[in-house]
Each structure stands twice: as structure tokens, then as C-alpha cells.
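Overview (structure and organization)
For reference, the chains in residue letters:
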Amino acid sequence: MKRILPFIIILVVLGVAIGSVVYMTQTKSASNENVNQAGPVGPKPTPAPTLGPVKTGDPGADPPHTMGPANAPVRIEEFGDFECPPCGGFHPILKQMHEEFGDKLHITFREFPLANHERAIPAASAAEAAGLQGKFWEMHALIFEHQNEWKLAFDIQPIFERYARSIGIDVERFKRDMNSDRVEQRIFLDGKRARSMGVGSTPTVFLNNREVPFQMLPADTLRGLIQKELQAAGTQK
Amino acid sequence: MVSAAHTDLPVKTKWPYVTAALLSLVGLTDAVYLTIQHLAGQSVPCSVTAGCEEVLTSPYAVVAGIPLAALGAAAYFSAFSLTTLAAFGYRIAGILLRPLVAVMVLVSLYLFYLQAVVIRAFCQFCLLSAAITIALLIVVLVAWKKGSQ
């Protein structure tokens, strides 16, 4: 028995390892499919994620960077980090929502550069500096859409200056503003708001001040949530 | 036959192998978790403390179409099998364990270099794996020394 015992142990461990990979992979794929369906369709073997409680928090940088009318029935607030790949992945989704819902959707972007991303603060500073010349969203789009270009570049400053030139802002002022107290203060205030709302990762998205779980950020799911909020707003009127 | 090489080990020689087997088991769990993350195609949000998304989504996370985490799991499973057999007195397993752990340490050092210099982000689960491999090396060296005494 003692001679066979190690082989039994090894086989049990192998079985558990392979079993957990197969089981967990299938369960996670199934739960992702459920999330993508974004509605009461199909069986739900695992509980679907739900929106968090309503949070208000500290005010953040003022004025914030927004798109859409201030009185829109649905408000989305994203806390993002320009160096974070999932934030880069969320950028086209949010853009799509803006195009689809137009005046019914108010979008705010808040800076939340993470300490473990060494280029996140310069990138946030570049977006904020462009914002001081009224071109925040243009710079925001360029930085996200070319994330892979500047993320691994040896010197990022010339790249951001090139972006600034391409959107037609005063590059000398942009360079000064990037290192200004005003830009630093804006990033600080957005970060303060993030922490007051319990944000610890990016992208963290709030829909009418309720946190949207990360798994619910694919376009189809988010669209479903926005439609639900619109319906709720319509019935309340 | 494998059983021909089987002998009862003295306790002082057995314990390093038992420790190494437990370390391999932790490493296996870590690598299995990363494999699940990879195969399930789950993107992870960027967090204040981790850079896993950078590492797991980098081109270095796949070797010849196989997730690196799965190769890590195979390595830890091999280490677990050999340490378990060695703890039960299979001397050949103890000998085979040494080159395996040496290769695992070299790969871990290369992956650490990739995280520090190329990807410039650290993944805590990858760092845990590197730490386990170093600990395995130490324990295997102790076992080797005790076995040769």
C-alpha cells in the first residue's frame, strides 16, 4: 500500500487540477454569456452581478469633463487610468453609448491614475492640459486609441506634444500646463472623489451614482442597463 | 521497475521533500488559477495594487499557442509528483527533481526580468510563483545535502 500511496496522491492532485480548470472555465464562460445577454433570458446557474448602492462622495475636479446635457436622465461617470488596458478597451464602448443614446446620456470622465502605472500621471496631465484649452475629449480619445504607442515608448513627452499639435492647441501652453498646479490639483481632486466613493480599480463606472460591476461593462450589457434606467426615468415622470 | 528504487527514507531526509511537495502544491494552485483566468478569457480590471492585466494580456503570456500559466501548472505538477515520490523513498525522483527545479528557477528569473524591464508591470500571482520556485530550490538543495550526508 505504501508503494502505491504516492501514485494515488499524484493522481488525485492531477484529477483535482484538471477538474477545476474544466469546471471553472465552463462556469465562467457560461456566466459571461449570461452577462452578455443582459436580461431575463436563459437559465442562470450563477447569480448575476447587480449594481451597487447609490454613492455621492467628494465633489472632484470642477468643472468636470462631460459629454451630453446636464439634465440627461441617465448619468455615467467613469474613473479611468489612461495606461490601463481595460480602460482602453472600455473607451470605444462608452463612445458607442454616447453615439447611440445622444442627449439622453450624460458622461463624465474622472482621472484615477494608478500608482503602479508609471505613465498614467503624465497621460492624465496631458489630457487635463488639453482640457484647459477646451480639447479634453479630443486628447482623451487620442491617448486611449494610441495606448500601445506611448505606453512602451522610451520618451512619451514628444508623443503627447504631437497629439497636442494634431488637435490644434497651443503646444507651448500645453507643455506648461502639463506641469502646472492647476492640472495637478484637478487630478488630485478626481482621485479624492474616487477614494471617497470606494474606487480601487479602473475602469470603475457609476450609472446614476450606482457602481456597475466590471463584468457588466461589455457594450450589450451596458446598453441594457442604460435602457432600463431610461425606462425607469420614463415611468417616474 | 520504479519500485526497485524504492527505499524508506530517514525522517530528516523526508521532511524537505514533504515541504517541497507542499510548496509545489501552492505553486500548482497559483498556476491553475492563472490558467483558468486565461482560458475563460476574463479581462481583469486594473487595480491599485496589481499589474496582472498588463502581464496576462502581454504577448509573453502565450508560448507556441499554449498559455504560459498552463506550462507553469505542468511544471508544478511534475515537481509535486517528483517530490511526493521522493518523500516516499523513490531516489530517482529526488535526482530528477534537481534539473527540473533548476529550469523552473531560470524560467522564473527570465519572467521576472520581463515583468520588471519589458512589460514594466508586476503581477502578484506571477511574483508568488517566482517566490515559490526560489523556495523550492532552497528546499531541494537542503534535501540534496541531507541525502548525501
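To keep things clear, this report deals only with the structure shown in the data block. Not measured: the values here are computed from a predicted model. (Residues numbered from 1 in each chain as written. Chains lettered and ligands numbered in written order. Predicted model: local features only at pLDDT ≥ 70, side-chain atom pairs only at ≥ 80, totals over all residues.)

1. With respect to the overall build of chain A
- Scanning chain A from N- to C-terminus turns up nine helices and six strands.
- The proportion of buried residues among the 237 residues of chain A is 37%.
- Residue pairs in contact within chain A that sit at least 24 positions apart in sequence constitute 78% of those at least 6 positions apart. (Helix = DSSP H or I, 4+ residues; strand = E, 2+ residues; numbered from the N terminus. Buried ≥ 20, exposed ≤ 12 C-beta atoms within 10 Å, placed from the backbone. Contact = placed C-beta atoms within 7 Å.)

2. Points about the nonpolar core
- Residues A:F82, A:A126, A:A127, A:A130 and A:I143 are the most contacted members of the largest nonpolar core, which totals 41 residues.
- For this core, the leading source of residues is helix 3 (residues 120–131) of chain A, giving seven residues.
- For A:A130, the residues in contact, after removing those within four places along its chain, are A:K135, A:F136, A:E138, A:M139, A:A164, A:I167, A:I169 and A:F174.
- Ranked by size, the runner-up nonpolar core spans 34 residues in total, among them B:L28, B:A75, B:A87 and B:M104. (Core = buried A, V, L, I, M, F, W, Y, C linked by C-beta atoms within 7 Å.)

3. As for the packing of helix 6 (residues 157–166) of chain A against helix 7 (residues 171–178) of chain A
Residue and element names in this part refer to chain A.
- Direction vectors running N to C along helix 6 and helix 7 enclose 135°, while the axes themselves pass 9 Å from each other. Overall, the two elements helix 6 and helix 7 adopt an arrangement that is oblique. Handedness of the crossing formed by helix 6 with helix 7: right-handed. In this structure, helix 6 uses E161, A164 and R165 to contact helix 7, whose residues at the interface are V171, F174 and K175.
- Class assignment for the residues of the contact of helix 6 with helix 7 results in three nonpolar, no polar and three charged. (Axes fitted to C-alpha atoms, helices over the stretch in contact; angles between N-to-C directions. Parallel < 35°, antiparallel > 145°, perpendicular 65-115°, else oblique. Left-handed = near helix turned anticlockwise from the far one by under 90°. Nonpolar A, V, L, I, M, F, W, Y, C, P; charged D, E, K, R; others polar.)

4. Some thoughts on the sheet that holds strand 5 (residues 204–207) of chain A
All names here are of chain A.
- Read from one edge to the other, the open sheet built from five strands follows the order 1-3-2-5-6, with strand pairing classed as mixed. Whereas interior strands pair on both sides, the edge strands pair on one side only; in this sheet they are strand 1 (65–67) and strand 6 (210–212). Averaged over all neighbouring strand pairs, the angle between strand axes comes to 25°, with direction disregarded.
- Sitting on the sheet, helix 2 (residues 85–101) touches strand 1, strand 2 (74–80) and strand 3 (105–111), and the angle it makes with strand 3 is about 155°. (Pairing = 2+ DSSP bridges.)

5. Description of the packing of helix 3 (residues 68–87) of chain B against helix 4 (residues 91–119) of chain B
Residues and elements named next belong to chain B.
- At a minimum axis distance of 9 Å, the contact between helix 3 and helix 4 shows a crossing angle of 155°. Overall, the two elements helix 3 and helix 4 adopt an arrangement that is roughly antiparallel. For the element pair helix 3 and helix 4, the recorded crossing hand is left-handed. Of helix 4, the residues touching helix 3 (which contributes A75, S78, A79, L82, T83, L85 and A86) are A93, G94, L96, L97, L100, V101 and M104.
- Here the contact of helix 3 with helix 4 is built from residues that sort into 11 nonpolar, three polar and no charged.

6. Concerning the pairing of strand 3 of chain A
All names here are of chain A.
- The buried fraction of strand 3 is high, at six of seven residues.
- Pairing between strand 1 and strand 3: three bridges, direction antiparallel. Its bridge partner being in strand 3, T66 is matched across the sheet by T108.
- In the classification by handedness, the crossover that spans strand 2, the intervening helix 2 and the parallel strand 3 is right-handed. (Right-handed = clockwise from strand over helix to strand, strands pointing away.)

7. Digging into the environment of A:A126
Residue and element names in this part refer to chain A.
- With respect to the helices, strands and loops of the structure, A126 is situated in helix 3.
- Taking C-alpha positions, A126 is 9.1 Å from N179, a pair spaced 53 residues apart along the chain.
- If we ignore the near neighbours within four places in the chain, the residues touching A126 are M139, I143, F160 and M178.

8. Overview of helix 8 (residues 181–196) of chain A
Residue and element names in this part refer to chain A.
- Its 16 residues place the ends of helix 8 22 Å apart at the C-alpha level, agreeing with the 22 Å of an ideal helix rising 1.5 Å per residue.
- When helix 8 is considered as a whole, its buried residues turn out to be V183, R186, I187, D190, G191, R193 and A194. Seen along its axis, helix 8 keeps its buried residues to an arc of 160°; they face one direction. Of the exposed residues in helix 8, those oriented more than 90 degrees away from the buried face are D181, R182 and Q185. (Expected span 1.5 Å × (residues − 1). Arc of directions from axis to C-beta.)

9. A word on the pairing of strand 5 of chain A
Residue and element names in this part refer to chain A.
- Of the two faces of strand 5, the one carrying T204 and F206 and the one carrying V205 and L207 are both buried.
- Pairing between strand 2 and strand 5: four bridges, direction antiparallel. Across the sheet, E78 pairs through a bridge with V205, a residue of strand 5.
- Pairing geometry for strand 5 and strand 6, over three bridges, is antiparallel. Directly across from V205, in strand 6, lies its bridge partner V212.
- The hairpin turn running from strand 5 into strand 6, its antiparallel successor, is two residues long, and N208 in that turn takes a positive phi close to 50°.

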